[in-house]
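Breakdown of the fold
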Amino acid sequence: MDTHAKIALGGGCHWCTEAVFQALKGVAKVEQGYVASVEENTSFSEAVIIHFNEAVIALSVLIEIHLHTHKSTSNHSMRDKYRSAIYYFSEVQKKEATDILNSFKNSFEEEIITEVLPFSEFKASREAIQNYYKKNPEKPFCKQFINPKLKLLVNKFSKHLNKN
């Protein structure tokens with residue numbers, strides 16, 4: 001039985017999101033790029049598609065990590081470029097993601113603004129910026145923005161990290 005699933009997540013810079021989810025056990029592939037949804041969310045926003053093995057890492061863990069590694073409670077001015085969202089691929093996944101998101105509402109001091117939205121379309125980032133952290137770990141952006149997120153993973157989600 002194939003236990004691989006996929007979910008798309010957006011919230012912050014896709015370089016950061018890509019690096020966070022590439023560090024996890026059970027994540028087979030992270031596609032970095034731009035996702036569009038429907039209705040008022042048809043504009044493309046930075047996001048990743050995560051292909052994961054549900055037998056190794058649960059969707060609830062991915063969503064919890066997502067909420068902790070971007071500003072999931074901040075409705076800042078860049079939300080068009082960095083939509084805080086969980087993009088689902090089926091009605092079953094929509095219900096599961098919504099239930100998971102609701103289960104975390106009391107875990108945060110401020111209201112979570114992350115939305116559960118239908119996945120509509122994906123455009124991959126250009127090759128030069130894919131795997132950004134792996135290619136550029138010493139760049140100032142990586143040190144300033146990605147390293148703190150990876151440190152949070154070590155401190156709060158270490159059992160889900162790849163050993164390398």
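Above this text you will find the structure in question.
A brief report on the enclosed structure follows. Throughout, a residue's number is its position along its own chain's written sequence, starting from 1. With pLDDT at 70 or above as the cut-off, local features in this predicted model cover only qualifying residues; side-chain atom pairs require 80 or more to be listed or tallied, and sums for whole chains, interfaces and linings still use all residues. With hydrogens and water stripped out, all remaining heavy atoms of the structure feed into the side-chain values.

**Overview of helix α2 (residues 59–68)**
Where we set the bar: Burial here depends on accessible area, computed with a 1.4 Å probe over protein chains only, as a share of the maximum for the residue type. Under 20% is buried, over 50% is exposed, and the range in between is partly exposed. Secondary structure counts use DSSP, requiring at least four H or I residues in a row for a helix and at least two E residues in a row for a strand, with both numbered from the N terminus.
Counted residue by residue, α2 has 7 buried out of 10 residues, so it is predominantly covered. Every buried residue belonging to α2 is among Leu59, Val61, Leu62, Ile63, Ile65, His66 and Leu67, and all of these are buried.

**A few points about the layout of surface pockets**
In plain terms, the rule: Residues are called lining when one of their atoms sits within 4 Å of a cavity or pocket point, these points coming from a 1 Å grid over the protein atoms alone, where a cavity is a set in which a 1.4 Å probe fits but cannot get out and a pocket is an open set with protein on both sides within 12 Å along at least five of seven lines. Grid points are joined across faces, edges and corners, and a volume is the space filled by probe spheres set on the points.
The calculated volume of the largest pocket comes to roughly 400 Å³. What lines the largest pocket is a set of 16 residues, and nearest its centre among them are Gly12, Thr69, His70, Lys71 and Lys149. Looking at the lining of the largest pocket, the elements that each hand over two or more residues are α1 (14–22), α2 and α5 (140–156). With 3 residues, the single largest contributor to the lining of the largest pocket is α5.

**Some points on the packing of α1 against α5**
Selection criterion: Lines are fitted to the C-alpha atoms to define the axes, a helix being fitted only along its stretch in contact, and any angle between axes, read from their N-to-C directions, falls within 0 to 180 degrees. Helix crossings fall into two classes, left-handed where the near helix is turned counterclockwise from the far one by less than a right angle and right-handed where it is turned clockwise. Only heavy atoms matter for contacts: two residues are in contact if any of them lie within 4.5 Å across the pair. Gly is placed with the polar residues, together with every amino acid not listed as nonpolar (Ala, Val, Leu, Ile, Met, Phe, Trp, Tyr, Cys and Pro) or charged (Asp, Glu, Lys and Arg).
The N-to-C vectors of α1 and α5 enclose an angle of 35°; their axes lie 10 Å apart at closest approach. Considering how the two elements wind past one another, α1 and α5 form a crossing that is right-handed. Seen from α1, the contacting residues are Trp15, Cys16, Ala19 and Val20; seen from α5, they are Phe141, Phe145, Ile146, Lys149, Leu150 and Leu153. Partitioning the contact of α1 with α5 into residue classes produces 9 nonpolar, no polar and 1 charged.

Everything listed here is a matter of coordinates, which is why it stays silent on function.
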